[in-house]
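# Secondary and tertiary structure notes
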Amino acid sequence: MRQRPRGDSRGILDPGRLLREVRFRRHLPAESLRPRVEHYWLIDWVLRTPFEQRVVPHPAVNVVFRRDDDGPESGEVAGVGRDLFRITLNGTGRVSGVQFRPGGFHPFWQRPVSELTGRRVPLPAGRLTHPDFPVSAGGSTSAADDDERCRALDTLLSGWQPEPDPMAEEAIRLAEAVRTDRTVLRVDDFAARHDVPVRRLQRLFPEYVGVGPKWVIRRYRLQEAVEQAAGGPLSWADLAADLGYGDQAHLVRDFTAVAGVSPAAYARSVR
């Protein structure tokens, strides 16, 4: 079991600017939740001018609580986002978020996670509950102290009391293998490597992750392209080949579609 949260900036466009503009940190959940929850992420800001952050979403569900200035706290369940996520922050505020592992939200939801894909389901203000999510946070997730905010999230998720689900565990394991093994480029090769029929993957991933295995592979490889583009000069043709693209033009099209700018333009902007 991991002893610290993930430290990479995968998916965050221009992470250096994010860290200059806001306080961003990650914390691990209670140990009993770690098989299903990747981490908690907390953001606090005091801004004189609006700040827009863009994120290439992970194939993961997030539960997010936000408070602006002295207003009420609001919450939502955010399914896997297929498109570039943009958010503008201004004034003062804070966010307490839960990023589930791909496949990890299904035991809490007990329905196909694809029903949430591309959607953001609000949790009614004040109660922090919803007919589909019948739990209370057990305390404000916008408390000043990080430990208090994390304890409130632990209480929220523990209140769901998800049942053990071997298929969810399989989906989590397979999605993690895609994320950590950059040699995974094709669904059929991945299926053969893990001795899983392709059709089983094509049923399992939409049900438990929210998107198909091909989409998950391509999204993780594109996130690698974003990271490498920010790291320094590179050969786009070589990177395209490394990530399983037939040619450089295909990589450029996919990168531009998901990041909103071409690889070269993004590389220039972050340098």
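Residues numbered from 1 in each chain as written. Predicted model: local features only at pLDDT ≥ 70, side-chain atom pairs only at ≥ 80, totals over all residues. Heavy atoms only, no water.

Moving on, we get to the overall build of the protein chain. Counting its regular elements, the protein chain contains 10 helices and 6 strands. The C-alpha radius of gyration of the protein chain comes to 19 Å, within 12% of the 18 Å expected for a compact globule of 271 residues. Viewed in the frame of its principal axes, the protein chain has a C-alpha envelope of about 50 × 45 × 30 Å. A separation threshold of at least 6 residues defines the contact pool for the protein chain, and within that pool the share at least 24 residues apart is 69%. Of the roughly 12900 Å² of accessible surface on the protein chain, 49% is carried by carbon and sulfur atoms. (Helix = DSSP H or I, 4+ residues; strand = E, 2+ residues; numbered from the N terminus. Rg over C-alpha atoms; globule rule 2.2 N^0.38 Å. Contact = heavy atoms within 4.5 Å. Areas by Shrake-Rupley, 256 points an atom, 1.4 Å probe, with all protein chains shown as cover.)

The next point concerns the pattern of salt bridges. One pass over the structure, following the stated rule, counts 21 salt bridges. Arg-25 is paired through a salt bridge with Asp-146; the nearest N and O atoms lie 2.8 Å apart. Residue Arg-25 is found in strand β1 (residues 23-27), and its partner Asp-146 is found in helix α3 (residues 146-158); the two are separated by 121 residues along the sequence. Looking at Arg-25, the relative accessible area reads 12%, which means it is buried. Residue Asp-146 is classed as buried on the basis of its relative accessible area of 17%. (Salt bridge = Lys/Arg side-chain N within 4 Å of Asp/Glu carboxyl O. Buried < 20%, exposed > 50% of the residue type's maximum accessible area, 1.4 Å probe, protein only.)

So, on to the environment of His-194. Position of His-194 among the secondary structure elements: in the loop between α5 (187-193) and α6 (198-208). For the pair His-194 and Leu-243, spaced 49 residues apart in sequence, the C-alpha to C-alpha distance is 20 Å. Setting aside residues up to four positions removed in sequence, His-194 forms contacts with Arg-173, Leu-174 and Ala-177.

So, about the packing of aromatic side chains. With the rule as written, the count across this model stands at 7 aromatic pairs. Between Phe-105 and Trp-160, the ring centres sit 6.1 Å apart and the planes meet at 90 degrees, which makes this aromatic pair edge-to-face. Here Trp-160 lies in the loop between α3 and α4 (166-180) and Phe-105 lies in the loop between β5 (85-100) and α2 (106-109), a separation of 55 residues in the sequence. Pair check on accessibility: Phe-105 and Trp-160 agree, each one buried. Look at Phe-255 and Tyr-266: their rings are 6.2 Å apart centre to centre, the planes differ by 50 degrees, and that puts the pair in the tilted class. Placement of Phe-255 in helix α9 (residues 248-259) and of Tyr-266 in helix α10 (residues 263-270) is noted, with a sequence separation of 11 residues between them. Sitting over the face of the ring of Trp-109, Arg-111 holds its NZ or CZ atom 4.2 Å from the ring centroid. For the cation-ring pair, Arg-218 lies above Tyr-245, with the distance from its terminal atom to the ring centre recorded as 4.4 Å. (Phe/Tyr/Trp six-rings, centres within 6.5 Å; stacked < 30°, edge-to-face > 60°. Lys NZ or Arg CZ within 6 Å of the ring centre and 35° of its normal.)

Further remarks concern unusual backbone geometry. Despite not being glycine, Asp-14 shows a phi value in the positive range, around 55 degrees. Among the secondary structure elements, Asp-14 is positioned in the segment before α1 (15-21). Despite not being glycine, Gln-110 has its phi angle at roughly 60 degrees, a positive value. One can find Gln-110 in the loop between α2 and β6 (120-123).

Residue-level pLDDT values for the protein chain average 89, and 92% of them are 70 or greater. Taking the mean pLDDT of every element in the protein chain, the minimum, 86, falls on α10 and the maximum, 98, on α6. Per-residue pLDDT stays below 50 along residues 125-130; that stretch engages in 17 contacts with residues further than four places along the chain or on separate chains. Within the model, the stretch residues 135-139 combines pLDDT values under 50 with 15 contacts to residues more than four positions away or in other chains. (pLDDT = per-residue confidence, 0-100.)

Moving on to the pairing of strand β3 (residues 62-68). In terms of strand pairing, β3 meets strand β4 (residues 74-78) through 5 bridges, oriented antiparallel. Within β4, the residue paired with Arg-66 across the bridge is Ser-74. Linking β3 back to β4 in an antiparallel pair, the connection comprises 5 residues, with Asp-69 at a positive phi of about 50 degrees. (Pairing = 2+ DSSP bridges.)

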